[in-house]
Amino acid sequence: MYIASIKKNTVVLGAGITGLSTAHYLSLKNKDFLVLEKNNKVGGNISSEIKEDFIVENGPNTVLLNNDSIINLIKAYDLWDTISVPKESAESNRYVLLNDKLHLLPRNSLEFIKSPLLSLKEKLRLFKEPFIQKHKQNTSVADFVKTRFGEGILHQFVEPFVTGIYSGNTHNMSAKHTLKLLWEAEQEYGSVIRGMTKKKKKSKAKMFNLPNGLSQLTNAIAKQLKANIQLDCQIKKIEKKDSGYIIMTAKDTISCQNIISTLPAYALAHYVNDETLKICLEDVEYVPIDVFHFGFNKSDINNQSQGFGVLSKASDKKHFLGILFNNRIFSHVSPPEKELFTVIVGGSRQKELCQLEPSKLKSLVLEEFMELMEVNNEPIFSNHYRYSKGIPQYNLNHQYLLDAIQNFENNNPNFHILGNYFDGISVSDCVSKADNFIQTNF
């Protein structure tokens, strides 16, 4: 029999952005809670560092202001007046590669018609879309896009888009869960084009960053809720009891009425008592990611294309998935006479690269980068961060996971599961899910 050394109403597992957002919104209703975090710092994949006057983001570089929850969270910590929004060119200019050169993605219908990214035949193919039957069952992103729009749109537009968000493989990813808006438009209106035209258009959401990086937000939450957060806390076991749950850690035994897990799928799999859910959680694919930051003197960069960055596709045969033009998005992340770039490597299609020695991978990436951006001299600053389990994939078995989570929660009252591996992967999605969950359940 376990004697609890700590008794709490609610325990939140994990202090990434989902866990911290859950704790924040919970603190507005109930002070009797505890957040358990395995690491010695909060933030999860949000990880900002200031090095040699450069502000580098090892995880997300921008967050969308696309729901009230993220806006309210920023305001709650008096950060709203400090946020940085992207330069106008970064909002509108996104690049892909064409013949090893940066090429601007079309920003309007006229640019689309003129774009060399698609042949005339591939452009005319779009007119068939409203007449194609809707899918009767879920399929891959590649199949969905190819069926509705053709190969050209898949390879030149959708593949880079999916790379930018998930670093994923379009042949493995679930159309229903990855391209949710397009799938719903097709299912409701029989055509993506018809559906997106009829749906009420929302104004494009702004992005933001903070003066000291996105960790400024997670650190602010942690500072205010310090008494409710236990760092360096390794969970050993979770047991269900008549009166709630017992959580055994390396230091304490904690009893609680409610558990809210915001752990990654592979971590939660160790603690659930449901074999079906355990298998589903272990099956969630997390692709590896290597993040390189390079700083240069501005005078050494001849390619001064302004915009957000460039994304590659498999046929480009590059050692990188994408490049972010950091100071061309937010000027505060580097000194005025310097330039900062983030190069993303790995993902589903480049897993083997994340097995290389970082120094060797850096050489491969830097050579391609310097040629593409027409760089005269070596970087004056570099930084590297490796995620062996980076971005979760919404693959074709995703519905099994959702069903298993629902079944587990039905059979384990007051044990709730949140996270970025289902129902939305972005930071703002995670904040919104946490807010909505607390409003609904507490």
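Heads up: the structure comes first, above all this text.
Note that the structure is a prediction, hence the values are computed from the model and not measured.

Asks: Is there a simple way to explain helix H7 (residues 151–166) in this structure?
Replies: Residue pairs three or four apart in sequence face the same way in an α-helix, which turns once every 3.6 residues. Remark: the principal bend of H7, roughly 40 degrees, maps to Val158, with a proline, Pro160, within the next four residues. Every buried residue belonging to H7 is among Gly152, Ile153, Leu154, Gln156, Val158, Glu159, Pro160, Val162, Thr163 and Tyr166, and all of these are buried. Ser167 sits one or two positions beyond H7 and adopts a positive phi of about 55 degrees.

Asks: Any chance you could explain the sheet that holds strand S16 (residues 338–346) here in plain terms?
Replies: Strands in a sheet are paired, the pairing made by backbone hydrogen bonds, and the direction either parallel or antiparallel. Spatial strand order, S7-S6-S14-S15-S16-S13-S17: seven strands in an open sheet with mixed pairing. Only two strands of the sheet have a single partner each, and these edge strands are strand S7 (101–104) and strand S17 (381–392). The mean inter-strand angle of the sheet, taken between neighbouring strand axes irrespective of direction, is 25 degrees. Judged from the nine bridges that link them, strand S13 (residues 286–297) and S16 form a sheet pairing that is antiparallel. By the bridge assignment, Phe296 is partnered in S16 with Glu339. Packing of H7 onto the sheet brings it into contact with strand S6 (94–98), S13, strand S14 (309–311) and S17, and relative to S14 it is tilted by some 110 degrees. Against the sheet, helix H15 (residues 358–372) makes contact with S6, S7, S13, S14, strand S15 (322–325), S16 and S17, and its axis sits at roughly 55 degrees relative to S13, the strand it touches most.

Asks: Where do I start with the packing of helix H1 (residues 17–27) against helix H17 (residues 427–441) in this structure?
Replies: Geometry of a packed helix pair, given as the angle between the helix axes and the separation of the axes. Axis separation between H1 and H17 bottoms out at 8 Å; the angle between their running directions is 35 degrees. For H1 against H17, the interelement crossing comes out right-handed. Across the interface between the two elements, Ile17, Thr18, Ser21, Thr22, Tyr25 and Leu26 of H1 pack against Val427, Cys430, Val431, Ala434, Asp435, Ile438 and Gln439 of H17.

Asks: Please explain the nonpolar core as it appears in this structure.
Replies: Soluble globular proteins tend to bury their nonpolar side chains together. Counting 35 residues, the largest nonpolar core has Ile70 and Phe208 as its most contacted members. Counting only elements with at least two residues in this core, the list comes to H1, strand S2 (33–36), helix H2 (68–76), helix H11 (215–224) and H17. Among residues more than four places away in sequence, those in contact with Phe208 are Thr62, Val63, Leu65, Ile70, Ile74, Ile83, Ser84, Leu214 and Phe330.

Asks: Quick question: what am I supposed to make of the packing of aromatic side chains here?
Replies: Evaluation of the coordinates by the stated rule reveals 17 aromatic pairs. Plain terms: the ring middles of Phe112 and Phe157 are 6.1 Å apart, the flat faces sit at 45 degrees to each other, and that makes the pair tilted. Taken together, the residues Phe112 in helix H4 (residues 109–114) and Phe157 in helix H7 connect sequence positions 45 residues apart. Taking the centre distance of 5.0 Å and the plane angle of 80 degrees together, the rings of Phe408 and Phe415 count as edge-to-face. For the residue pair Phe408 and Phe415, the accessibility class agrees, reading buried in each case. Chaining the aromatic ring pairs together yields one cluster made of Tyr95, Phe292, Phe294, Phe296, Phe325, Phe341 and Phe369. Its guanidinium or amino end placed over the ring of Tyr266, Lys389 lies 5.0 Å from that ring's centre, counting from NZ or CZ. Looking at Lys433, its charged tip hangs above the ring of Phe422, at a distance of 5.5 Å from the centre.

Asks: Before we go on, may I ask you to explain the pairing of strand S4 (residues 54–57) in this structure?
Replies: In regular strands, side chains alternate between the two faces of the sheet. Burial along S4 is two-sided: the residues Phe54 and Val56 and Ile55 and Glu57 are all buried. Taking the residues that link successive antiparallel strands as the turn, the strand S3 (residues 48–51)-S4 hairpin has two residues, and the phi of Glu52 there is positive, at about 50 degrees.

Asks: For this particular structure, what's the right way to read the pairing of S7?
Replies: Here S6 pairs with S7 via four bridges, running antiparallel. The residue of S7 that forms the bridge with Val96 is His103.

Asks: I would appreciate a short explanation of H15 in the present structure.
Replies: Here H15 spans 21 Å end to end across 15 residues, near enough to the 21 Å set by a 1.5 Å rise per residue. Those residues of H15 not exposed but buried are Leu361, Val365, Leu366, Glu368, Phe369, Met370 and Leu372. Two residues or fewer after H15 comes Glu374, characterised by a positive phi angle close to 55 degrees.

Analysis parameters
- Residues numbered from 1 in each chain as written.
- Predicted model: local features only at pLDDT ≥ 70, side-chain atom pairs only at ≥ 80, totals over all residues.
- Heavy atoms only, no water.
- Bend = angle between axes of the 7 residues up to and from the residue.
- Helix = DSSP H or I, 4+ residues; strand = E, 2+ residues; numbered from the N terminus.
- Buried < 20%, exposed > 50% of the residue type's maximum accessible area, 1.4 Å probe, protein only.
- Pairing = 2+ DSSP bridges.
- Axes fitted to C-alpha atoms, helices over the stretch in contact; angles between N-to-C directions.
- Contact = heavy atoms within 4.5 Å.
- Left-handed = near helix turned anticlockwise from the far one by under 90°.
- Core = buried A, V, L, I, M, F, W, Y, C linked by side-chain atoms within 4.5 Å.
- Phe/Tyr/Trp six-rings, centres within 6.5 Å; stacked < 30°, edge-to-face > 60°.
- Lys NZ or Arg CZ within 6 Å of the ring centre and 35° of its normal.
- Expected span 1.5 Å × (residues − 1).

The values are spatial; any link to function lies outside them.
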